[in-house]
Amino acid sequence: MDGRKIGCIALAIPLFTFTPLLALMLLLSALTAGSGAGAAAELCTPGAQKSGVTIDPKSIPNTSIAGYSREQLVNAAHIMRAGKALTLSIRDQTIGVMTAMGESNLRVIDHGDSAGPDSRGLFQQRDNGTWGSYRDRMDPFISATNFFRVLKTIPKRDELEPTIIAHRVQRNADPHHYSKFWPSAVQVVERLAKTQGVANGEQPPSSQYSLGNVKPQTANVANTVGPMFGIKTIGGYRKSAHDPDGHPAGLALDFMTNDIPDGSAVGDRLAQYLQTHADQLGVDYIIWKQRIWSTKRANEGWRGMKDRGSESANHYDHIHLSIKPDAGGITAPDCEPTAPSDLNPDDGTNPKEGTNSKGWVKPAAGPVTSRYGMRTNPVTGVYKLHAGIDLAGGGCDGPIWAAQSGVVIKSGFDSGGNGTIIIDHGNGIRTQYLHMYRNGILAREGERVNAGKIIGRVGSSGNSTGCHLHFGVRVNGSPVDPIPFMAKVGVTFE
């Protein structure tokens, strides 16, 4: 059980009495080369709507999966049955299993903790009238059904990270608490479904991309990494005279970014991910925006390349990835960003700065990369007021903290495509946080947040050239320089 949980949110949703359904014998995607990457990628895909799977808990063999015993796997099967009964997707079912792992270690426990002494069952549901009776909360099928009924109310959940979806149901103190359980949940759902065989002899394709005759490790990378970044098109095998060891050998991929929103920014994030996980993915080299990065010369960073005459030839519309011939590929996706080292896992606040005596905190890690004032916009080239400051924020996916307690009055995208959160602190003071990606916008409109609460993750959406936080302050509707304003309330910047 997670002792950091605030307690399941009391949503006003009527409860129903559910009768367990007879188990159905359905399919999870066939896997390539036994690696699990094909189905795992399906589970990571934003918007994945593959029909859910159900199995008979009594059919679970006496085995262990990802360290979970038969008793725990039976509970996972009940969760999957509940999701299927509500016609949810495989991804939704896996989120349910992940959440129960994070709350109770997949056990029906009859005790709570200091944060929720009345919490009970697989999902540690509170005795607040929302989650039914004690008997309901201790029943794995009914408690899972009630969890999924709330999950179904989350708008556009297929565009959110699994841990954020779980957090919005459970209201954990740390919204990223569940992320570490996702790979195990994927393995459990895949393996449990495989015990039931293939329904009606149906054998769906192992890849959602048309890759052609590529190597297994190449397909694994495409099917795992592509969905994580919402890539719609990936090129695989093709003849190429100047690249005999790449595409013709089945060891290269082209991640197309010209057919997705914010393609350039998404490509930047993808390129960084490929670099960071080069060893795990078996990366040989990457080409992006007329630059090349290779593992052999990683210490040199990105190196410039000669102009090849067109946007596509210079790799401005796609990332080229070459895989090493001896790469083993990956066995389970890591769909969540790694929590930054300065993120306090106990309360989700900013421990480095802390909330000062005036109730304010630094909104993100420094340094300041652009100050308040008139400047030429680096994207549009227009000379205008930069109505805030830019903070490095620890790079992509770094935590963004509420600068002071208040109410979120905007959470979404502005007309310029900037992921935006605005907090009203009262007395005419509002703070503004820009450039988050969709899955990095964690706070919701109408939500009251405390100073130092994580409200988002650093991104590069909209009018941006790279991952950073634009932080603005408005007083009675007019922008002010955040540096002197924050200094007056006891917060200084690097």
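One can find the structure itself at the top, above this paragraph.
Just so it is clear, the structure is predicted and the values come from calculations on it, not from any experiment.

A. Broad picture of helix α6 (residues 162-170). Most of α6 is tucked away: 9 of the 9 residues are buried. Every buried residue belonging to α6 is among P162, T163, I164, I165, A166, H167, R168, V169 and Q170, and all of these are buried.

B. Up close: the pairing of strand β14 (residues 429-434). Burial analysis of β14 places 5 of its 6 residues in the buried class, which makes it a mostly covered element. Judged from the 6 bridges that link them, strand β13 (residues 419-426) and β14 form a sheet pairing that is antiparallel. Within the sheet, the bridge partner assigned to T420 lies in β14 and is L434. Joining the antiparallel neighbours β13 and β14 is a turn of 2 residues, in which N427 adopts a positive phi near 55 degrees. Examined bridge by bridge, β14 and strand β17 (residues 469-475) share 6 bridges and lie antiparallel to one another.

C. Quick peek at the pairing of strand β2 (residues 252-256). Burial analysis of β2 places 5 of its 5 residues in the buried class, which makes it a mostly covered element. In β2, alternate side chains face the same way, and those of A252, D254 and M256 on one face and L253 and F255 on the other are all buried. Alignment of strand β1 (residues 234-235) against β2, held across 2 bridges, turns out to be antiparallel. Counted as the bridge partner of G235 is D254 from β2. The pairing of β2 with strand β6 (residues 318-323) spans 5 bridges and is classified as antiparallel. Bridge pairing links D254 to H320 in β6.

D. A look at unusual backbone geometry. At the junction of G366 and P367, the peptide bond is cis and its omega measures out at 0 degrees in the coordinates. Its place among the elements puts P367 in the loop between β6 and β7 (368-370). Its identity as a non-glycine residue notwithstanding, L106 has a phi of 60 degrees, on the positive side. Mapping L106 onto the fold places it in the loop between α3 (90-104) and α4 (134-138).

E. Spatial organisation of the state of the cysteines. Under the counting rule described, the total for this entry stands at 1 disulfide. Linked covalently through their sulfurs, C396 and C467 form a disulfide whose S-S length is 1.9 Å. Between C396 and C467, the disulfide has an S-S torsion of 85 degrees and is therefore right-handed. Of this pair, C396 sits in the loop between β10 (389-391) and β11 (399-401) while C467 sits in the loop between β16 (454-457) and β17, and the two are 71 residues apart along the sequence.

F. Structural context of the sheet that holds β6. Strand order in this open sheet of 6 strands is β1-β2-β6-β3-β4-β5, and the pairing throughout is antiparallel. Strands with a single pairing partner mark the edges of an open sheet, and in this sheet they are β1 and β5 (303-304). Sheet topology places strand β4 (residues 291-294) next to β5; 2 bridges connect them, and they run antiparallel. Across the sheet, residue R291 finds its bridge partner in β5, namely G304. Packing of helix α9 (residues 263-276) onto the sheet brings it into contact with β2, β3 (283-287), β4 and β6, and relative to β6 it is tilted by some 15 degrees.

G. Region of interest: the pattern of salt bridges. Applying the stated criterion across every chain, the model contains 12 salt bridges. Ionic pairing is found between D127 and R137, a salt bridge with its closest N-O pair at 3.8 Å. Here the residue D127 occupies a position in the loop between α3 and α4, and R137 occupies one in helix α4, the gap between them amounting to 10 residues. R238 is the partner of D254 in a salt bridge, and the nearest nitrogen-oxygen pair spans 2.8 Å. Placement of the pair is D254 in strand β2 and R238 in the loop between β1 and β2, with a sequence separation of 16 residues.

About the thresholds
Residues numbered from 1 in each chain as written. Predicted model: local features only at pLDDT ≥ 70, side-chain atom pairs only at ≥ 80, totals over all residues. Heavy atoms only, no water. Buried < 20%, exposed > 50% of the residue type's maximum accessible area, 1.4 Å probe, protein only. Helix = DSSP H or I, 4+ residues; strand = E, 2+ residues; numbered from the N terminus. Pairing = 2+ DSSP bridges. Disulfide = S-S within 2.5 Å. Contact = heavy atoms within 4.5 Å. Axes fitted to C-alpha atoms, helices over the stretch in contact; angles between N-to-C directions. Salt bridge = Lys/Arg side-chain N within 4 Å of Asp/Glu carboxyl O.

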